[in-house]
Amino acid sequence: MHAPSSAPPTIVLVHGAFTDASSWAGVISLLQADGLTVRAPANPLRGLAQDAAPIRSMLRDIDAPVILVGHDYGGAVITQAAADADNVVALCYVAAFGLDAGECVLDVMNRFAPAPVADATCTAALPTRTSGGPDSELYIRKELFPQVYAADLSPQAKELMSVTQRPIACNALTSRSGPPAWASMPSWYAIATADRILNPTAQRFMAQRMAATEHVLDGSHAVVLSQPDAVVAMIREAAEQGQ
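Treat the numbers as computed from the prediction; the structure is a model and nothing was measured.

What counts and what doesn't
Residues numbered from 1 in each chain as written. Predicted model: local features only at pLDDT ≥ 70, side-chain atom pairs only at ≥ 80, totals over all residues. Heavy atoms only, no water. Salt bridge = Lys/Arg side-chain N within 4 Å of Asp/Glu carboxyl O. Helix = DSSP H or I, 4+ residues; strand = E, 2+ residues; numbered from the N terminus. Buried < 20%, exposed > 50% of the residue type's maximum accessible area, 1.4 Å probe, protein only. Arc of directions from axis to C-beta. Pairing = 2+ DSSP bridges. Axes fitted to C-alpha atoms, helices over the stretch in contact; angles between N-to-C directions. Contact = heavy atoms within 4.5 Å. Phe/Tyr/Trp six-rings, centres within 6.5 Å; stacked < 30°, edge-to-face > 60°. Disulfide = S-S within 2.5 Å. Parallel < 35°, antiparallel > 145°, perpendicular 65-115°, else oblique. Left-handed = near helix turned anticlockwise from the far one by under 90°. Nonpolar A, V, L, I, M, F, W, Y, C, P; charged D, E, K, R; others polar.

### Focus: the pattern of salt bridges
So, point 1. Summed over all chains, the structure comprises seven salt bridges.
So, point 2. Two residues, Arg 209 and Glu 103, come together in a salt bridge whose shortest N-O distance is 2.8 Å. Of this pair, Arg 209 sits in helix H8 (residues 200-209) while Glu 103 sits in the loop between strand S4 (88-96) and helix H4 (105-111), and the two are 106 residues apart along the sequence.
So, point 3. The partly exposed category is assigned to Arg 209, whose relative accessible area is 24%.
So, point 4. Residue class for Glu 103 comes out buried when judged on its relative accessible area of 6%.
So, point 5. As a salt-bridge pair, Lys 142 and Glu 159 come within 3.2 Å of each other at their nearest N and O atoms. Taken together, the positions of Lys 142 in the loop between strand S6 (136-140) and helix H5 (145-149) and Glu 159 in helix H6 (residues 155-164) put the pair 17 residues apart, joining distant regions of the chain.
So, point 6. Residue classification places Lys 142 among the partly exposed residues on the basis of a relative accessible area of 42%.

Set out below in structure tokens:
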């Protein structure tokens, strides 16, 4: 456990696969209206070690308590990045992967009934490769993206997300997590009950495994966009208890 602090926390938001930091736009606006400092870095989506490294570096540069928030694959990233970060006082997961030591994203996906995303993805070879780097990446088929990822968003938002999606390297799905930060710090988890990317049963399993404070939201995987108020309410709760 980390010692309480009277300083206002900085909120660090880590996005997941198939999107970018703009997915936090509504959440950022509400947090800034509360007078909180917010950072929403780009998540490279290349592999767990590579993706956690810049987040870990950012945490070292923040001279304040931190509430670390992850959506989707971003949850796996914060689980690893916060493991040795002394200033992180709470973790918040939003329909996210809270992996255990030695576990990977596919382990969680395969443990539960397949979500519709299993039949909606396609892989593409990378046009250029680096030694030891990923050789292929995963997309959601454009025509299936709206119903699988963002069923509760407007038609315009669905279309925009489907054509601007950022693929995730296939290697990232099999990267093994290190010791989980949630084992030693307070955690919150927003379960999206209408999620068609990450089975809600898997979300409940991970939330209970980490003894997280649960917030149940009736939303799609894109709940950070469709229900920013509810997501921010959870982050505020974590921030208040972390002080």
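Here the narrative resumes.
### Looking at helix H1 (residues 25-33)
So, point 1. Those residues of H1 lying buried are Val 27, Ile 28 and Leu 31. Within H1, the buried residues cover an arc of 100° as seen down the axis, which keeps them to one side.
So, point 2. Positive backbone phi, at 85°, marks Gly 35, one or two positions downstream of H1.

### Overview of the sheet that holds strand S3 (residues 66-72)
So, point 1. Read across the open sheet, the six strands follow the order S2-S1-S3-S4-S8-S9; overall the sheet is parallel. Each edge of the open sheet is held by one strand with a lone partner, namely strand S2 (37-39) and strand S9 (213-217). Direction aside, the axes of adjacent strands within the sheet are offset by 15° on average.
So, point 2. When strand S1 (residues 10-14) meets S3, the two strands line up parallel, connected through five bridges. Bridging across to S3, Thr 10 finds its partner in Val 66.
So, point 3. Against the sheet, H8 engages S4, strand S8 (187-192) and S9, with an angle of about 170° to S8.

### Quick notes on the packing of aromatic side chains
So, point 1. Per the stated rule, a full pass over the model turns up three aromatic pairs.
So, point 2. Taken together, a centroid distance of 4.9 Å and an interplanar angle of 15° make the contact between Phe 145 and Tyr 149 stacked. Taken together, the residues span about one helical turn, with Phe 145 and Tyr 149 both in helix H5 at a distance of four residues. Taken individually, Phe 145 and Tyr 149 each receive the classification buried, so the pair is uniform in this respect.

### Quick look at the state of the cysteines
So, point 1. In the structure shown here, the tally under the stated rule is zero disulfides.
So, point 2. The closest cysteine sulfur to the non-disulfide-bonded Cys 122 is located on Cys 170, 9.9 Å from its own sulfur.

### Thoughts on the pairing of S6
So, point 1. With four of five residues buried, S6 lies mostly within the body of the structure.
So, point 2. Examined bridge by bridge, strand S5 (residues 121-125) and S6 share five bridges and lie antiparallel to one another. Along S6, the bridge assignment pairs Ala 124 with Glu 137.
So, point 3. Where S6 and strand S7 (residues 168-169) come together, two bridges link them in antiparallel fashion. Considered in S7, the bridge of Glu 137 is made with Ala 169.

### A few points about the packing of helix H2 (residues 48-60) against helix H3 (residues 73-81)
What describes two packed helices is the angle between their axes and the distance between those same axes.
So, point 1. Running from amino to carboxyl end, H2 crosses H3 at an angle of 60°, the nearest separation of the two axes being 8 Å. Classified by the angle between their axes, H2 and H3 sit oblique to one another. In the packing of H2 onto H3, the handedness of the crossing is right-handed. Two secondary-structure elements touch here, H2 through Leu 48, Ala 49, Asp 51, Ala 52, Ile 55, Arg 56 and Leu 59 and H3 through Tyr 73, Ala 76, Val 77, Gln 80 and Ala 81.
So, point 2. Per-class residue counts for the contact of H2 with H3 are nine nonpolar, one polar and two charged.

Just distances and angles here, no functional claims.
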